[in-house]
Amino acid sequence: MESRQVPVIVVFSHIIGLPIIRTLGKEGIPIVAVHYQDNEFSQYSKYVSRRYKMTSPLIDEAKFIEELSSLSGDYKGALLVPADDSAVIPLSKYKNKLAAYFKVAVNDWEIANVCIEKQKTYELAEELSIPCPQTAFCNSLEHLPELSKEFSFPFLLKPSQSHLFFRLFKQKAFVINNDDDLLFYSGLLNKFNLSFVLQEIIPGPPSNGVNYNSYMINHVPVAEFTAQKIRIDPPFFGSPRVIVSRKIPEIIEPGRKLLAALNYEGFSCVEFKKDQRDQVYKLMEINARPNLSGALAVRAGINFPLIMYEHLVKGNILASNSFIENIYWIDLQKDLYRFFTSKKIEGISFSDYIRPYKEKHIFAVLSLSDPGPFRHRTWLLLKELLFGKT
């Protein structure tokens, strides 16, 4: 029998999109995967009914929107879900146009832009008296020498828009240890016409990094979930490769405060890091889209993808704030790679390394019932390791 469920179109089919695809696919909801490149391995999930390759919005935003709109012939009324900042931006900018054909799971641009642009994020935090790292914004190299005097080495040189930086350099920031580093890396960013920020390093291990995930309806959180980072990739300044569900009450109020001030609706992931100097959680960023470790909340009992679907497609509100603690999310391929290449510099004992594997856990990509994404990603990682390309 043909499904009568409203389809979901996941825009960008990399790792962030996979929990959405699997979680909603298991509910019998038809899944359409939009990808820009063939290396987006989530498109190979058994739950994907159709795949469409489109022009990346980073290359031609207008053409991307035109191609996406063309799906309305077959999928009018479908739910559009961005699974990357590169998808959030055009979907938010063109939300009114797309809303004529689809239900769009993004905030209006004036809200999303505050989350995307670091300067706007930290300005809002300052207005609300929410602690954040010492940060200076730089749009021109000529101002850099003066601004850098405000910081002590080492500090971070970061992009104003993280997704553009990560696409180019496969990392979140450059560590600046001296004036030569500053000159070299700022010149590199300027070459790509990227505005950037100077930011102090918040001292503390990766486990000081935490997430506040929530789903807001009419400025009220109907679902909340918190998690603690355990290991990140690359080490020290990267994205989670191991994270654990954990109640962290200190970040709930500042998370709510930020989202309320934004008039934010839907899912978000607000990241903080505890400063070892004063034991205060400092705001790092707001993700206006599903997060990397999205499968963890589902495994712990809060099904954010289904909450989103029920709300935006059916008008139902599924409230859920109780979750199981001490469940680990593991990016197996990245964690194994770092075990052999970085365990020593990370200073992690063997017993600590294997602890997440011995406790209750869920893998980011590996699934015996849906092996396609893991198989394709493994092949891509092997090609990158052996031949330096994907």
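Residues numbered from 1 in each chain as written. Predicted model: local features only at pLDDT ≥ 70, side-chain atom pairs only at ≥ 80, totals over all residues. Heavy atoms only, no water.

(A) Focus on the pattern of salt bridges. Inspection of every chain in the model, using the stated rule, returns 21 salt bridges. Among the salt bridges present, the one from R289 reaches D85, with a minimum N-O distance of 2.9 Å. With R289 in the loop between strand 14 (280–287) and helix 12 (294–300) and D85 in helix 4 (residues 85–93), the pair connects residues that are 204 residues apart, well separated along the chain. The residues R289 and D85 share a single accessibility class, namely buried. Between E310 and K314 there is a salt bridge whose closest N-O contact spans 3.4 Å. (Salt bridge = Lys/Arg side-chain N within 4 Å of Asp/Glu carboxyl O. Helix = DSSP H or I, 4+ residues; strand = E, 2+ residues; numbered from the N terminus. Buried < 20%, exposed > 50% of the residue type's maximum accessible area, 1.4 Å probe, protein only.)

(B) Representation of the sheet that holds strand 10 (residues 209–217). With mixed pairing, 7 strands are arranged side by side in an open sheet as 14-13-10-11-12-15-16. On the outer flanks of this sheet lie strand 14 and strand 16 (361–363), each paired with one strand and no other. For this sheet the average axis-to-axis angle between neighbouring strands, irrespective of direction, equals 30°. Pairing between strand 10 and strand 11 (residues 220–233): 8 bridges, direction antiparallel. (Pairing = 2+ DSSP bridges. Axes fitted to C-alpha atoms, helices over the stretch in contact; angles between N-to-C directions.)

(C) A look at the sheet that holds strand 9 (residues 196–200). A sheet is described by the order of its strands in space; here 4 strands give the open sequence 6-9-7-8, paired in antiparallel fashion. Here the strands that pair on one side only, and so sit at the sheet edges, are strand 6 (135–138) and strand 8 (174–176). Each strand axis lies, on average, 25° off the axis of its neighbour in the sheet, ignoring direction. Where strand 6 and strand 9 come together, 4 bridges link them in antiparallel fashion. Note that in strand 9 the partner of A136 across the bridge is L198.

(D) Representation of the packing of aromatic side chains. Across all of its chains, the model carries 15 aromatic pairs by this definition. On the numbers, 5.2 Å between centres and 40° between planes, the contact of F12 with Y36 is tilted. Here Y36 lies in the loop between strand 2 (31–35) and strand 3 (48–53) and F12 lies in the loop between strand 1 (8–11) and helix 1 (18–25), a separation of 24 residues in the sequence. Like F12, the residue Y36 is buried in the burial classification. Seen from their ring centres, F225 and F323 are 4.7 Å apart, and the 65° between their planes marks the pair as edge-to-face. (Phe/Tyr/Trp six-rings, centres within 6.5 Å; stacked < 30°, edge-to-face > 60°.)

(E) Layout of empty space enclosed by the protein. Counted under the stated rule, the structure contains 2 cavities of 30 Å³ or more. Every residue lining the largest cavity is listed: I16, P19, I20, N213, F267, P290, N291, G294, A297, F304, P305 and M308. Of all the secondary-structure elements, those providing two or more residues to the lining of the largest cavity are helix 1, helix 12 and helix 13 (304–314). Split by residue class, the lining of the largest cavity holds 9 nonpolar, 3 polar and no charged. (1 Å grid on protein atoms, 1.4 Å probe; cavity = no way out; pocket = protein on both sides within 12 Å on 5 of 7 lines; lining within 4 Å. Points joined across faces, edges and corners; volume = space filled by probe spheres on them. Nonpolar A, V, L, I, M, F, W, Y, C, P; charged D, E, K, R; others polar.)

(F) Broad picture of the pairing of strand 11. Strand 11 sits mainly inside the fold: 12 of its 14 residues count as buried. If you look at the hairpin formed by strand 10 and strand 11, you'll find 2 residues sitting between the two strands, and N218 has a positive phi there, around 55°. The pairing of strand 11 with strand 12 (residues 239–245) spans 6 bridges and is antiparallel. Within the sheet, the bridge partner assigned to D233 lies in strand 12 and is S239. Where strand 11 hands over to strand 12, the hairpin turn is made up of 5 residues, of which F236 adopts a positive phi near 80°.

(G) Highlighting the pairing of strand 4 (residues 79–82). Taking every second residue as pointing to the same face, both faces of strand 4 are buried, with L79 and V81 on one and L80 and P82 on the other. Pairing between strand 1 and strand 4: 4 bridges, direction parallel. Residue pairing for strand 4: V10 is matched across the bridge by V81.

(H) View of unusual backbone geometry. With an omega of -5°, the peptide bond running from F153 to P154 counts as cis. Among the structural elements, P154 can be located in the loop between helix 8 (144–148) and strand 7 (155–159). Here the residue pair D233 and P234 is connected by a cis peptide bond, since its omega of -5° sits within 30 degrees of zero. Tracing the sequence through the fold places P234 in the loop between strand 11 and strand 12. Despite not being glycine, H219 shows a phi value in the positive range, around 70°.

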